[in-house]
Amino acid sequence: MIPSQELPKELRYRLLRLKKMICEKFTESNWEELGLFVGCTQIINSEDRLYRSLSFGDPDYEGHVISVLERIARKDVGLVDEVEKYVMEKFSTESLGDVCVEGLICKPSVFSVPKEPINPKLIALMIPFAAEFEAVTGAIKTASAECGMVCERANDIWEDFTIIQDVFSLIYRARIVVCDFSNKNPNVFYEAGIAHTLGRAVIPMARSVSEIPFDLRHHRHLIYLPNEQGISQMKVELRTRIMKLLENGCIVTGRLR
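Residues numbered from 1 in each chain as written. Predicted model: local features only at pLDDT ≥ 70, side-chain atom pairs only at ≥ 80, totals over all residues. Heavy atoms only, no water.

The backbone of Asn183 shows a phi angle near 70 degrees, a positive value even though the residue is not glycine. Taking the relative accessible area as the measure of exposure, Asn183 reaches 45% and is therefore partly exposed. Unusually for a residue other than glycine, Lys184 sits at a positive phi of about 50 degrees. For Lys184, the location among the structural elements is in the loop between β5 (176–180) and α9 (186–197). (Buried < 20%, exposed > 50% of the residue type's maximum accessible area, 1.4 Å probe, protein only. Helix = DSSP H or I, 4+ residues; strand = E, 2+ residues; numbered from the N terminus.)

If you want it as structure tokens, here you go:
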């Protein structure tokens, strides 16, 4: 249990993101389900004005939501993961067998839709598979970890006989996708298109702006030098970008089943 002191910064950001989604979406029934899901019914019910504020649309409702979330976090930080899991799965668009993102419905024929749910702490890394990018990959994984996230690339997993299926599954499960377009790698171009179609937050980066596809240059991107100092600076900038996305409530709304 976390004592009566200020919660860690990253945890506070997570609670604020959850508060935003809960205030927009939750009904009384959702609160009851959440209590059962995470074993915190007593905490929720002990917030006397929570349900009344929700029912009457009172301006103090947000404060009660924050109070409940903070008490859950102080009881057990691991429960915050469970709250995020409930919120992500409950309010993602579901369409059996289809891709449904913000009203766009597609039927995948090249890929199999994974059974695993979206992981709110996962960052997918799309980067050329070459030794020259190992230092860059390490820096990106470190920046992700410093933001409380886990970064994976396709060669970190081996769940399918085809690499592209593992790539698709990784992008699908991720909350954020980092795409390094260095060397104008066509695979990364393709993977960025998948990520954008699925509604994932994409962070483009490259060694030179000329390596970023023209259609994507209007997106905010990171340019880095391929040396120790350049990669170190990129890590700092990437960490800032990830934290800003999380702070702004980067919650995936598309759902594949």
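Turning our attention to the pairing of strand β6 (residues 201–206). Most of β6 sits inside the fold, with six of its six residues counted as buried. Along β6, one buried face is formed by Ala201, Ile203 and Met205 and the opposite face, lined by Val202, Pro204 and Ala206, is buried too. Where β5 meets β6, five bridges bridge the pair, whose relative direction is parallel. Directly across from Val178, in β6, lies its bridge partner Ile203. As for the winding sense of the linkage, the β-α-β connection from β5 through α9 to β6 is right-handed. Note that β6 and strand β7 (residues 222–223) share two bridges and pair parallel. Each bridged residue has a counterpart across the sheet, and for Met205 the counterpart in β7 is Leu222. (Pairing = 2+ DSSP bridges. Right-handed = clockwise from strand over helix to strand, strands pointing away.)

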